[in-house]
Amino acid sequence: MVDAATLEKLEAGFKKLAASDSKSLLKKYLTQEVFDKLKTLKTPSFGSTLLDVIQSGLENHDSGVGIYAPDAEAYTTFADLFDPIIEDYHGGFKKTDKHPAKDWGDVDTFQNLDPAGEFIISTRVRCGRSMEGYPFNPCLTEAQYKEMEEKVSSTLSGLEGELKGAFYPLTGMTKEVQQKLIDDHFLFKEGDRFLQAANACRFWPTGRGIYHNDNKTFLVWCNEEDHLRLISMQMGGDLGQVYRRLVTAVNDIEKRVPFSHNDRLGFLTFCPTNLGTTIRASVHIKVPKLAANKAKLEEVAGKFNLQVRGTRGEHTEAEGGVYDISNKRRMGLTEYQAVKEMNDGIAELIKIEREL
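What counts as what
Residues numbered from 1 in each chain as written. Predicted model: local features only at pLDDT ≥ 70, side-chain atom pairs only at ≥ 80, totals over all residues. Heavy atoms only, no water. Axes fitted to C-alpha atoms, helices over the stretch in contact; angles between N-to-C directions. Helix = DSSP H or I, 4+ residues; strand = E, 2+ residues; numbered from the N terminus. Parallel < 35°, antiparallel > 145°, perpendicular 65-115°, else oblique. Left-handed = near helix turned anticlockwise from the far one by under 90°. Contact = heavy atoms within 4.5 Å. Nonpolar A, V, L, I, M, F, W, Y, C, P; charged D, E, K, R; others polar. Salt bridge = Lys/Arg side-chain N within 4 Å of Asp/Glu carboxyl O. Buried < 20%, exposed > 50% of the residue type's maximum accessible area, 1.4 Å probe, protein only. Pairing = 2+ DSSP bridges. UniProt positions renumbered as here; feature names shortened; annotations may be inferred. Core = buried A, V, L, I, M, F, W, Y, C linked by side-chain atoms within 4.5 Å. Phe/Tyr/Trp six-rings, centres within 6.5 Å; stacked < 30°, edge-to-face > 60°.

Caption draft 1: Just the packing of helix α12 (residues 294-303) against helix α13 (residues 335-355), in detail. The geometry of α12 relative to α13 is characterised by a closest axis approach of 9 Å and an angle of 150° between their N-to-C directions. With respect to α13, the axis of α12 lies roughly antiparallel. In terms of crossing hand, the pair formed by α12 and α13 is right-handed. On α13, the residues touching Lys296, Leu297 and Val300 of α12 are Glu348, Leu349 and Ile352. Each residue belonging to the contact of α12 with α13 can be placed in one class, and the counts come to four nonpolar, no polar and two charged.

What follows is the structure, encoded as structure tokens:
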């Protein structure tokens, strides 16, 4: 049973959210009926409650989504809330749908989107992975954080060729290394208020670390929001190069570390927006003419299922007319198709910018 204090918090938080003008998906789908059905449930292995799932959205009414999965079972136990949110966010991925098997497609079909370097400043493709046998952040113990970091750093130290590099634990990091990583925009800070509220930052900085290759074009974040974030990036618009590097890395790491995967939802992640392929392919792009016509920019982006963010990602402004534009859908399509949506959308944006 869920204890009285938790129930009290849930009831009070639910009332406040219902009375708020929040635009979050949590508010949209947490009806009284769903709330009453789920408020006394717990996940079988870790005993996560509805409060663990929704507390971030209850505290931050300006959330876009507002829920996280404290452990993998939460997606099943609290399916009545997760399923409609997943369907809404991922463009119609229904609860009867099954995410397709992993497919990187023909990696040689992607090219340089901006060979003359007029528009695209940088290109990045990332994916998230969770290690099998471990829950997500809110349920991890300090010992598990240490154990995971140990596994990750020893796995990554086996990478060779272009991917060869070094692992930098956040614990005991020197000021010099820290500054170097900040200058390269590699260092992640302790979670934002959305993650803090979801209880995702406990025992910080234990178990957190960063790996990057010698060329600084391949990066792994360990235990930031997800267990692993694998990131391939470089200056300019050569999506083909960035994509091939990521595929090589993921395939290599997958041989050494078992990842949590679900038949219906694909690869499992802490935030439901990242399920499925977990792929976010993005560019930093300067489109001054389109930027002056935000409605047009949003319209074209919407047609290709793209998300437009500020220069420094979510909840930020576009600095100097530079936008971060990425694929929004991560479920119900393959890895290749997710990147292709970004590819085609950006090609179209550049074409329109030229014509304006």
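Caption draft 2: Here's a closer look at the pattern of salt bridges. One pass over the structure, following the stated rule, counts 19 salt bridges. Measuring nitrogen to oxygen at the nearest pair gives 2.7 Å for the salt bridge that ties Arg354 to Glu118. In this pair, Arg354 is assigned in helix α13 and Glu118 in the loop between α6 (79-89) and β1 (120-129), connecting sequence segments 236 residues apart. Of the residues examined, Arg354 reaches a relative accessible area of 51% and is grouped as exposed.

Caption draft 3: Looking closely at the sheet that holds strand β2 (residues 165-169). Read across the sheet, eight strands follow the order β2-β3-β4-β5-β1-β8-β10-β9 without closing on themselves; strand pairing throughout is antiparallel. Only two strands of the sheet have a single neighbouring strand rather than two, namely β2 and β9 (306-309). The sheet shows a mean angle of 20° between the axes of neighbouring strands, direction not considered. Alignment of β2 against strand β3 (residues 209-213), held across five bridges, turns out to be antiparallel. The partner of Tyr168 across the bridge, within β3, is Ile210. Lying over the sheet, α12 contacts β9 and β10 (322-327), oriented at roughly 145° with respect to β9.

Caption draft 4: Local environment of the UniProt feature "domain: Phosphagen kinase N-terminal" (unreviewed entry) in the protein. Here, the residues flagged by UniProt with the feature "domain: Phosphagen kinase N-terminal" (unreviewed entry) are residues 6-91. Segment residues 6-91 splits into 59% helix and 0% strand. End C-alpha atoms: 33 Å apart.

Caption draft 5: How the structure looks around the pairing of β9. Of the two faces of β9, both are covered, the one formed by Leu306 and Val308 as well as the one formed by Gln307 and Arg309. Bridge count for β9 against β10 is four bridges, and the pairing is antiparallel. Looking at β10, one finds that Arg309 is bridged to Asp324.

Caption draft 6: Just unusual backbone geometry, in detail. With an omega dihedral of 0°, the bond running from Trp204 to Pro205 counts as a cis peptide bond. Mapped onto the secondary structure, Pro205 falls in the loop between α9 (193-197) and β3. A positive phi is found at Phe203, a non-glycine position, where the angle reads about 60°. With respect to the helices and strands, the residue Phe203 is situated in the loop between α9 and β3. For Thr278, which is not glycine, the phi dihedral falls at a positive 60°. By secondary structure assignment, the location of Thr278 is in the loop between β7 (266-267) and β8 (280-286).

Caption draft 7: Quick peek at the nonpolar core. If you look at the biggest cluster of nonpolar residues, it comprises 56 residues, and the most contacted ones within it are Phe218, Ile285, Ile325 and Ile346. The next biggest cluster of nonpolar side chains, apart from the first, holds 39 residues, and it includes Leu10, Phe82, Leu195 and Met331.

Caption draft 8: Structural detail: the packing of aromatic side chains. Throughout the structure, instances matching the rule amount to ten aromatic pairs. Ring centres of Tyr145 and Phe203 lie 6.2 Å apart, and the angle between their planes is 70°; on these two criteria the pair is classed as edge-to-face. Taken together, the residues span a long stretch of sequence, with Tyr145 in helix α7 (residues 142-156) and Phe203 in the loop between α9 and β3 at a distance of 58 residues. For Phe203, a relative accessible area of 32% translates into the label partly exposed. Each ring, one from Phe188 and one from Trp204, has its centre 6.0 Å from the other, and the planes form 80°; the classification is edge-to-face. Placement of the pair is Phe188 in the loop between α8 (175-183) and α9 and Trp204 in the loop between α9 and β3, with a sequence separation of 16 residues.

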